[in-house]
Amino acid sequence: MHKKLYSLQGKRVWIAGQTGLVGRSLTDELQNHDVLLLSAPHSALDLTQQQATFDWLAAHKPDVVFMAAGRVGGIGANVEYPADFIRDNLSMTLNVIDGAHKAGVDRLVFLGSSCIYPRDATNPIGEDALLTGALEPTNEAYAIAKIAGLKLCEHYRAQYGRNYISVMPTNLYGGYDNFDKDGGHVIPAMMIKFMEAKKAGADKVTLWGTGAPLREFLYAPDLVRALVLVAQAYDDAAPINVGSGEEVSIYDLAHLIARVTGFEGDIVFDDSKPDGTPRKFLDSSKINSLGWRAQTKLEAGLREVYGGLKG
Ligand code: GFB
């Protein structure tokens, strides 16, 4: 079992990106803890604006920052808007991390992504695979910004002694996702496609790629328990992976979501659309050794998300 290095108890906590998939789940989770949650709604603070971000941090002086803000999306959005992805993620990441340092914040948890690892890394992918090979081209822009974030944490630790850590979750899903057919991640996009097809009485749904890629999905409420744990029990320059240990092909995922949503027509794969990384299965032994494991099986998580969508 882990030893607490740092306690969140009674701390002023700020979640940068409080309205996103991770931010909203983490807000829910922190209701179970004795912390004072600070809030900076998007309408009041644009994190791409450096001075505004510095001023907000200096005025509110959190003890702990969870950096979960970012421009995110599925493979389609990453391919279509690479400049927006690299610009916005680099600026938000730099502004929040440097602003936190300038405001004297001594504990920061940076959220990365499993796409930071080389496309051809050996699976399961350990944290030491970082920067050992070329990235997957469909999300290189996003991955470079995330690598910059984890390097900022590493170097602010080395030069200024800051306790900034980086967490690399595998592909996430949950009820607070962006349910957009074109720009969203694969799970929300498939759910919407099947729901719309069912409603319209359509006899087929067209999905992207070959169906062959493998993905490891983690339910956001499981991830945020890991975030609360590492904020208190992990203190190292190296990133820490967080995966569910459950891997599925895109083909099997499609058939599972069809079953969950009750769509009974044909599922067609359009292989003119990209597959992305063939496989990215994380080695999560480091977080497992701290006592964390995912609790939600994929099918159970998908049923919960669908239940929330149906209303
Ligand atoms: O979640 P996703 O878009 O991104 O999943 P990545 C993409 C996989 O699902 C590809 C297939 O193999 C697609 O061909 N797919 C099938 C679909 N149908 C669909 C569909 O209707 N919509 C979508 N979106 N995909 C993400 C990165 O990569 O990984 C993010 O784009 C982030 O930046 C995340 O890093 C962890 O898993 O390929």
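Structure's up top.
Figured I'd write up the structure that's included with this text.

Reading the values: rules and limits
- Residues numbered from 1 in each chain as written.
- Predicted model: local features only at pLDDT ≥ 70, side-chain atom pairs only at ≥ 80, totals over all residues.
- Heavy atoms only, no water.
- Helix = DSSP H or I, 4+ residues; strand = E, 2+ residues; numbered from the N terminus.
- Rg over C-alpha atoms; globule rule 2.2 N^0.38 Å.
- Buried < 20%, exposed > 50% of the residue type's maximum accessible area, 1.4 Å probe, protein only.
- Axes fitted to C-alpha atoms, helices over the stretch in contact; angles between N-to-C directions.
- Left-handed = near helix turned anticlockwise from the far one by under 90°.
- Contact = heavy atoms within 4.5 Å.
- Nonpolar A, V, L, I, M, F, W, Y, C, P; charged D, E, K, R; others polar.
- Salt bridge = Lys/Arg side-chain N within 4 Å of Asp/Glu carboxyl O.
- Pairing = 2+ DSSP bridges.
- Phe/Tyr/Trp six-rings, centres within 6.5 Å; stacked < 30°, edge-to-face > 60°.
- Lys NZ or Arg CZ within 6 Å of the ring centre and 35° of its normal.
- Core = buried A, V, L, I, M, F, W, Y, C linked by side-chain atoms within 4.5 Å.
- Near = heavy atom within 4 Å.
- Polar contact = N/O pair within 3.5 Å; in protein donor to acceptor, adjacent residues only side chain to side chain.
- Areas by Shrake-Rupley, 256 points an atom, 1.4 Å probe, with all protein chains shown as cover.

## Regarding the overall build of the chain
Here's step 1: Broken down by element type, the chain carries ten helices and eleven strands.
Here's step 2: For 311 residues, the compact-globule formula gives about 19 Å, and the C-alpha radius of gyration of the chain, at 19 Å, lands near that figure.
Here's step 3: Taking the principal axes of the C-alpha coordinates as reference, the chain spans close to 60 × 40 × 40 Å.
Here's step 4: Sorting the 311 residues of the chain into buried and exposed places 52% on the buried side.

## Some details on the packing of helix α2 (residues 50–60) against helix α4 (residues 82–102)
Here's step 1: Contact pair α2 / α4: the axes reach a minimum separation of 9 Å and the direction vectors enclose 40°. Along this stretch, α2 crosses α4, giving a crossing that reads as right-handed. Seen from α2, the contacting residues are Gln 50, Thr 53, Phe 54 and Leu 57; seen from α4, they are Asn 95, Val 96, Asp 98, Gly 99, Ala 100 and Lys 102.
Here's step 2: For the contact of α2 with α4, the class distribution of residues is four nonpolar, four polar and two charged.

## Topic: the pattern of salt bridges
Here's step 1: Inspection of the entire model under this criterion finds 15 salt bridges.
Here's step 2: Notably, a salt bridge pairs Arg 87 with Asp 84, separated by 3.3 Å at the nearest N-O pair. Of this pair, Arg 87 and Asp 84 are both found in helix α4, three residues apart, which corresponds to roughly one turn of the helix.
Here's step 3: The exposure class assigned to Arg 87 is partly exposed, which follows from its relative accessible area of 45%.
Here's step 4: Relative accessible area serves as the criterion here: at 22%, Asp 84 is assigned to the partly exposed category.

## Concerning the side chain of Asn 95
Here's step 1: Its place among the elements puts Asn 95 in helix α4.
Here's step 2: Look at Asn 95 and you get buried, because its relative accessible area is 4%.
Here's step 3: The residues touching Asn 95, leaving out its near neighbours within four places in the chain, are Leu 47, Thr 48, Gln 49, Gln 50, Thr 53, Phe 54, Leu 57 and Ala 100.

## Considering the pairing of strand β11 (residues 266–270)
Here's step 1: Residue alternation in β11 divides its side chains into a buried set, Ile 267 and Phe 269, and an unburied set, Asp 266, Val 268 and Asp 270.
Here's step 2: Pairing of strand β7 (residues 204–208) with β11 involves five bridges; the strand directions are parallel. Residue pairing in the sheet places Leu 207 in a bridge with Phe 269 of β11.

## Digging into the packing of aromatic side chains
Here's step 1: Within this structure, the stated rule accounts for six aromatic pairs.
Here's step 2: Seen in terms of ring centroids, Phe 85 and Tyr 142 are 6.1 Å apart; in terms of plane orientation they differ by 75°. Their pairing is edge-to-face. Here Phe 85, found in helix α4, pairs with Tyr 142, found in helix α5 (residues 140–160); they are 57 residues apart in sequence, far enough to count as distant. Residue Phe 85 shares its accessibility class with Tyr 142, and that shared class is buried.
Here's step 3: Over the aromatic face of Tyr 6 sits the side chain of Lys 11, whose NZ or CZ is 4.4 Å from the ring centroid.
Here's step 4: Stacked on the ring of Tyr 6, the Lys or Arg Arg 107 has its end atom at 5.5 Å from the ring centre.

## What to know about the side chain of His 101
Here's step 1: Summarising the element assignment, His 101 is placed in helix α4.
Here's step 2: The class of His 101 is buried, set by a relative accessible area of 15%.
Here's step 3: Excluding residues that lie within four positions of it along the chain, His 101 makes contacts with Tyr 156, Tyr 160, Arg 162 and Tyr 164.

## Focus: the nonpolar core
Here's step 1: Counting 39 residues, the largest nonpolar core has Trp 14, Leu 47, Leu 108, Tyr 117 and Tyr 164 as the members making the most contacts within it.
Here's step 2: Elements that contribute at least two residues to this core include exactly β1 (12–16), α2, β3 (64–67), α4, β4 (107–111), α5 and β5 (163–169).
Here's step 3: Counting 32 residues, the second-largest nonpolar core is a separate cluster that includes Ile 15, Leu 218, Leu 223 and Ala 233.

## Description of the pairing of strand β8 (residues 214–219)
Here's step 1: In terms of burial, β8 is a largely internal element, five of the six residues being buried.
Here's step 2: Direction of pairing for strand β6 (residues 171–173) relative to β8: parallel, over a ladder of three bridges. Within β8, the residue paired with Asn 171 across the bridge is Phe 217.
Here's step 3: Pairing of β8 with strand β10 (residues 247–249) involves three bridges; the strand directions are antiparallel. Bridging across to β10, Glu 216 finds its partner in Glu 247.

## Here we look at the site of the ligand
Here's step 1: Not every one of the 24 residues close to the ligand is listed here, only the nearest: Asn 171, Lys 193, Arg 215, Pro 274 and Asp 275.
Here's step 2: Separating an oxygen atom of the ligand from a side-chain N or O atom of Asn 78 is a distance of 3.0 Å.
Here's step 3: Protein burial of the ligand: of its 700 Å² of free accessible surface, 97% is covered by the chains.
Here's step 4: Among the secondary structure elements, those contributing two or more residues to the shell around the ligand are α3 (75–80), α6 (186–200) and β7.
Here's step 5: The leading source of residues in the shell around the ligand is α6, at four residues.
Here's step 6: Class assignment of the residues belonging to the shell around the ligand gives a composition of eleven nonpolar, nine polar and four charged.

## As for the sheet that holds β8
Here's step 1: In spatial order, the strands read β6-β8-β10; together these three strands make up an open sheet with mixed pairing. In this open sheet, the two edge strands, each paired with only one partner strand, are β6 and β10. Averaged over all pairs of adjacent strands, the angle between strand axes in this sheet comes to 50°, irrespective of strand direction.

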